[in-house]
Structures are given as C-alpha cells and as structure tokens.
Amino acid sequence: MLETLIDQYGEGWLLLGAGAIVGLIFGAAAYQSRFCLRAACAEVADGILGPKLAIWLTAFLAALASVQLAILAGVLDVSNARQIAATGSLSGAILGGLMFGTGMILARGCASRLLVLSASGNLRAIVTGLVLTLTAQASLRGVLSPLREDLSTLWTIPGGPDRALFDPQGPMFFAVVALATLAFLAALWFGRKRGLSALELTSSTVVGLAVCGGWVMTYAIANTSFEVVAVQSVTFTGPSTDTLMALINESSIPLTFGLGLVPGVFLGAMAIALFKGEARIQRFEADLPMERYLIGGVLMGFGSMLAGGCAVGAGMTGGAIFALTAWVAVFSMWVGAVTTHTALNLAARRRNA
C-alpha cells in the first residue's frame, strides 16, 4: 500500500503528511499535559519531585520504551539516523546543552513549549520563538556558524557503534528494552502518586508515542522509497528555521517531514487551547522583562544547533534511540537549567533582603 501511495503522490507529500499527523498529535498532547522540560528542571531546582517532573519523565520514558520496542519488533531501524550514523560532537552536546538549559529558564520555555504556547496567543512565546529561530539559522549557515563549528570540533566522536549506547543486535538488548518498559511503568506510578489525573498521564504518554510515530513513519517511507529519505522524528529548531527560510527565500517550498511537523504542532495545540477556552493574547509585562526572553532565545538558538537539537530533538528523539550525544546533551540541559534557576532565585532573595 505504501508503494502505491509513493507512486501516486511521491515521497514529499507522504513525508509532509506524516509530519503533519505527528505534529497534530504532539501539539495537542503537549498542550493538554503541559509538557515542559523547563518546568521540570525548575521544580527539581526548588527541591520538589512533583507533577511537572512526572509529566516530563512519563513522556521521555514513553518515547524511549516505545521506540526500543519498535526496534525489537523489527519495524524500525535507526542505524542510519543522523543522531547515530553521523559524526557527533561531545563538546557541542555539553556546551550547547548548558546554553540551551540556561536559555530555556530565561525564556520560560524550550523550543517546543514556545511553539505550543504561541498557538494559544502568547506573544512572548511568538517573539522569543522568532529570535530563537533566527539565531539558529545564523548558527547553522550565517555569521555564527564559524563559532559553532569551532566549538563542535573540540571533542568529536565517530558515527556508528561508538555513538550508540546499546547495540540492538547485542545480547543485552532485550534486557535494555525490558528495563525501559519498567521505567515507563514506574513513571506512571510516580505520576499518580504526585496527583496527576489519568488524562494528564495519558496526554504525556502520547507526547512520547508521537516521537515513536515519527521514527516509524519516516523509516517505513525510507524503506519503501527508491529515493534517499532521512529517517527522523520530532525536533523543532531545524524544521523551524527551514520553514521560516523557505517562506522568506524560496518561491517553491520543498516538501519535508519538518515542514508538516511545525504547523501541525501549532494547529494541534491551538485546537486544544480553543476547546478549553484558554486562547487569549498575552503580552510582555512589567515583571516579565522582554530582554530576559530575548537573551534566552539567543542562547537556545545557538545552543540547540551546537548540541544537535532542542530539548525534544536532542533530548527525547535522540535519547529514545540511545544516541550518546543526545543523552549528554539532555543531561547538560538539566545542569544548565537547574543551575540558572537556582542562581536567579538566590539573586531575587538578595534583592528582597
């Protein structure tokens, strides 16, 4: 059936449709669950192991367990995915992750959260997201690209087995999958203990399953097509820059998974915001200084390109396939975010003392 669809519509339209479907599901679930790495990091920095951490853990472990189960079932092979096959940068993962973690605390949201909030009418998120996207483009191909490349080459790791934490053909793989599944079940239990409703837990689980869906759908298309198709899943910085630059610079926009993903997430989140009656214009206020958001957007834009992706792209999507640099990046994001949140709290206490 997939061969027929490719013959009839072409790979581009199928990838666009796959991205849109995954985006709609991710956006709706992320808005409903209030999935946010920044919120989880801030909670931990305040010494609380609460519901926001439970939501992030449930989504992350749902992605990890479902992706590994798909690999075990033989419906997914990520050996050619960029996060595994290409040369990786451990220095980029560390430095970029620290910058991204700092930026998302300043901007009160990571790249995915800003996109979701934008759909509800949050002007702060829209402006910050644009700054993030433009900085990311400058880091990829513009004036900041030489600095990014210099930092990326400080400590590299070859693609292939060296970049994968576990070998799907190895003797321990079944145990790894079983452990990931048990960890997801433990996250559900932890969420219930922290007062999360069944709807919140289901929504956060769907966020993780959307990541798995992206991997499986693009792999199926790549495995059927005669053209070279990248196996990929949910990420936001790269697709956002590609979409923005295509709209500005290109008369015809290439059809890709990312081109469907970004508007799909926006529309999915908007639908839930409108349904719940929560869509409204939110502006910058006196106690929410604009410069803090702008600095956060710059740090996230450069940091995400340096780290190989955003909190979802490098953290969840790359983490779900056990890419070494992705785990280093998401750990560094946690360190940067917790440290920055703690430092801001200490500074606020001193001002008020």
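Residues numbered from 1 in each chain as written. Predicted model: local features only at pLDDT ≥ 70, side-chain atom pairs only at ≥ 80, totals over all residues. Heavy atoms only, no water.

Moving on, we come to the overall build of the protein. Along the protein, the regular secondary structure elements total 16 helices and 2 strands. Relative to its length of 353 residues, the protein is compact, with a C-alpha radius of gyration of 19 Å against a globular reference of 20 Å. The buried share of the protein, taken over its 353 residues, is 52%. By sequence separation, contacts in the protein at least 24 residues apart represent 82% of the contacts at least 6 residues apart. Averaging the coordinates of the 20 positive side-chain charges in the protein and doing the same for the 18 negative ones gives two points 17 Å apart. (Helix = DSSP H or I, 4+ residues; strand = E, 2+ residues; numbered from the N terminus. Rg over C-alpha atoms; globule rule 2.2 N^0.38 Å. Buried < 20%, exposed > 50% of the residue type's maximum accessible area, 1.4 Å probe, protein only. Contact = heavy atoms within 4.5 Å. Lys, Arg positive; Asp, Glu negative; His and termini not counted. Charge placed at Lys NZ, Arg CZ, Asp CG, Glu CD.)

Along the polypeptide, Thr340 turns up in helix 16 (residues 324-352). With relative accessibility at 11%, the residue Thr340 sits in the buried group.

On to helix 6 (residues 90-106), then. Counted at 1.5 Å a residue, the expected span for helix 6 with its 17 residues is 24 Å, and the 24 Å between its end C-alpha atoms agrees. In terms of burial, helix 6 is a largely internal element, 12 of the 17 residues being buried. Within the sequence span of helix 6, burial applies to Leu90, Ser91, Gly92, Ala93, Gly96, Gly97, Phe100, Gly101, Gly103, Met104, Ile105 and Leu106. Of the residues flanking the end of helix 6, it is Arg108, one or two places downstream, whose phi is positive at about 60°. (Expected span 1.5 Å × (residues − 1).)

Assignment of secondary structure puts Leu14 in helix 2 (residues 11-33). Owing to a relative accessible area of 16%, Leu14 belongs among the buried residues under this scheme. In contact with Leu14, not counting residues within four places along its chain, are Leu2, Leu5, Ile6 and Ile221.

Looking now at the nonpolar core. Nonpolar side chains in soluble globular proteins tend to end up buried together. One finds Phe26, Phe35, Trp215, Phe236 and Met316 to be the most contacted residues of the largest nonpolar core, which totals 93 residues. Of all the elements, helix 4 (residues 51-73) adds the most residues to this core, at 14 residues. Once residues lying within four places of it in the same chain are set aside, the contact partners of Phe35 are Phe26, Ala30, Ile55, Trp56, Ala59, Ser112, Arg113, Val207, Val312 and Met316. (Core = buried A, V, L, I, M, F, W, Y, C linked by side-chain atoms within 4.5 Å.)

What the rule picks out here adds up to 3 salt bridges. Where Glu278 meets Arg34, a salt bridge forms, and the shortest distance between an N and an O atom there is 3.3 Å. Taken together, the residues Glu278 in the loop between helix 13 (257-276) and helix 14 (290-307) and Arg34 in the loop between helix 2 and helix 3 (37-45) connect sequence positions 244 residues apart. Judged by its relative accessible area of 21%, Glu278 falls in the partly exposed class. By relative accessible area, Arg34 is classed as partly exposed at 42%. (Salt bridge = Lys/Arg side-chain N within 4 Å of Asp/Glu carboxyl O.)

Geometry of a packed helix pair, given as the angle between the helix axes and the separation of the axes. Closest axis-to-axis distance for the helix 8 (residues 123-140)/helix 14 pair is 7 Å, and the angle between their directions is 35°. As for the relative orientation of helix 8 and helix 14, their crossing is right-handed in sense. Taken together, the residues of helix 14 that come into contact with helix 8 (itself represented by Arg124, Val127, Thr128, Val131, Leu132, Thr135, Ala136, Ser139 and Leu140) are Met290, Tyr293, Leu294, Gly297, Val298, Met300, Gly301, Phe302 and Met305. Looking at the contact of helix 8 with helix 14 residue by residue, the class counts come to 12 nonpolar, 5 polar and 1 charged. (Axes fitted to C-alpha atoms, helices over the stretch in contact; angles between N-to-C directions. Left-handed = near helix turned anticlockwise from the far one by under 90°. Nonpolar A, V, L, I, M, F, W, Y, C, P; charged D, E, K, R; others polar.)

For the structure shown, the criterion picks out 7 aromatic pairs. A ring pair is formed by Phe60 and Trp327, whose centres lie 5.5 Å apart and whose planes are at 80°; its orientation type is edge-to-face. One end of the pair, Phe60, is in helix 4; the other, Trp327, is in helix 16, with 267 residues separating them in the sequence. Taking relative accessible area as the criterion, Trp327 reaches 29% and is therefore assigned partly exposed. When the centroid spacing of 4.8 Å and the interplanar angle of 75° are considered together, the rings of Phe166 and Phe322 count as edge-to-face. Linking Phe166 in the loop between strand 2 (156-157) and helix 10 (173-193) with Phe322 in the loop between helix 15 (311-320) and helix 16, this pair joins segments that are 156 residues apart in sequence. Judged by relative accessible area, Phe166 falls into the partly exposed class, the value being 38%. What makes Phe322 buried here is its relative accessible area of 6%. By way of ring pairs, the aromatic residues Trp56, Phe60, Phe166, Phe322, Trp327 and Trp334 are connected into one cluster. (Phe/Tyr/Trp six-rings, centres within 6.5 Å; stacked < 30°, edge-to-face > 60°.)

A cluster of nonpolar residues, Leu123, Ile126, Leu130 and Ile281, forms a patch on the protein surface that exposes about 320 Å² of accessible area. By secondary structure assignment, the location of Ile126 is in helix 8. (Patch = residues over 30% accessible without salt bridge, like charges linked within 9 Å, V, L, I, M, F, W, Y side chains within 5 Å. Areas by Shrake-Rupley, 256 points an atom, 1.4 Å probe, with all protein chains shown as cover.)

With that settled, consider helix 10. With 21 residues, helix 10 should cover 30 Å at 1.5 Å per step; its first-to-last C-alpha distance of 30 Å lies within 8% of that length. All of the buried residues in helix 10 are Phe173, Val176, Val177, Ala180, Phe184, Ala187, Phe190 and Gly191. The arc enclosing the buried residues of helix 10, seen along the axis, measures out at 140°, which places them on a common side. Away from the buried face of helix 10 by more than 90 degrees, exposed residues Phe174, Leu179, Leu182, Trp189, Arg192 and Lys193 are located. Residues of helix 10 that are buried in the fold lie against helix 4 and helix 11 (198-224). Just downstream of helix 10, Gly195 is the residue with a positive phi angle, here 85°. (Arc of directions from axis to C-beta.)

Our focus in this paragraph is unusual backbone geometry. In this structure, Arg34 is a non-glycine residue whose phi angle is positive, near 60°. Located in the positive-phi region is Arg108, a residue other than glycine, with phi close to 60°. Mapped onto the elements of the fold, Arg108 is located in the loop between helix 6 and helix 7 (111-118).

Read these as geometric descriptors, not functional statements.
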